[in-house]
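Observations on the three-dimensional arrangement
Okay, here's what each chain looks like letter by letter:
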Amino acid sequence: MSEAGHAEWDERHRGKPAGEVEPFLVEMLARIPRGVVLDVAAGRGRNALELARAGNAIVAVDYSIEAMRLLAATARDGQLVIWPIVANLDNFHLTDESFDAIVNINFLDRALFPKFERALRPDGVLIASTFLVGQAAIGHPRDPRFLLEHGELRALAGSLEIEDYREGPVTYSNGDRAFRASMLARRRTSI
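Residues numbered from 1 in each chain as written. Predicted model: local features only at pLDDT ≥ 70, side-chain atom pairs only at ≥ 80, totals over all residues. Heavy atoms only, no water.

**Observations regarding the layout of surface pockets**
- Volume-wise, the second largest pocket comes out at about 150 Å³.
- Looking at the second largest pocket, it is lined by 13 residues, and the ones nearest its centre are Phe24, Arg166, Val170, Arg180 and Ser182.
- Breaking the lining of the second largest pocket down by element, the ones donating at least two residues are helix H2 (23–28), strand E6 (161–171) and strand E7 (177–186).
- Per element, the largest residue contribution to the lining of the second largest pocket is 6 residues, and it comes from E6.
- The class makeup of the residues in the lining of the second largest pocket is 5 nonpolar, 3 polar and 5 charged. (1 Å grid on protein atoms, 1.4 Å probe; cavity = no way out; pocket = protein on both sides within 12 Å on 5 of 7 lines; lining within 4 Å. Points joined across faces, edges and corners; volume = space filled by probe spheres on them. Helix = DSSP H or I, 4+ residues; strand = E, 2+ residues; numbered from the N terminus. Nonpolar A, V, L, I, M, F, W, Y, C, P; charged D, E, K, R; others polar.)

**Here we look at the sheet that holds strand E1 (residues 36–40)**
- If you trace the 7 strands from one edge of the open sheet to the other, you get E3-E2-E1-E4-E5-E7-E6, paired in mixed fashion. With one partner strand each, in any of the chains shown, strand E3 (82–86) and E6 form the two edges of the open sheet. Averaged over all pairs of adjacent strands, the angle between their axes in this sheet comes to 15°, without regard to strand direction.
- Together, E1, strand E2 (57–62), E3 and strand E4 (99–105) form the strand contacts of helix H3 (residues 46–53), whose direction differs from that of E2 by roughly 170°.
- Together, E2 and E3 form the strand contacts of helix H4 (residues 65–77), whose direction differs from that of E3 by roughly 170°. (Pairing = 2+ DSSP bridges. Axes fitted to C-alpha atoms, helices over the stretch in contact; angles between N-to-C directions. Contact = heavy atoms within 4.5 Å.)

**Regarding empty space enclosed by the protein**
- Applying the stated rule across the entire model yields 1 cavity of 30 Å³ or more.
- In this structure, the largest cavity occupies an estimated 50 Å³ of space.
- Along its surface, the largest cavity is lined by Leu38, Val40, Val61, Leu89, Phe92, Leu94, Leu112 and Phe116.
- For the lining of the largest cavity, the class distribution of residues is 8 nonpolar, no polar and no charged.

Take a look at the structure:
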């Protein structure tokens, strides 16, 4: 992505709070093994902060320098174990069997899912939740590259064992609506 792309993402995050944790993640929190967790496209850390408060060490990756600065400051103030990393996920290396959990909320790069599967340790979990095609009719995102077809998230799980899977409309506590697919999938074997 270009410098203009960095500037645009930085401006989106500048001076804003972390935001509310994704409700599906809150619901699944007790089922996530404690350890090292990767938060993909972490933004200002709304999910990373919750995961760290639950006793995990977080590797938070995002393209925005500003988002990672804000997250670093919040983590430092709260004495939370979060390592913010500025990186383009297109070329971010994931080492095999290096994470106890991977959280991927509101970010869709289909090519990453096989990498997620390999990067999980045995009994590690992938929490994925993002937008379905129906979202285009009600708001952002509208680009089909960033919208899942029905059943697609299930297919992206590969050989992971799906323990919880949902698709359909979601209404948030603030009244916002979205069409989402969400899953918790577990890796049962070593590679």
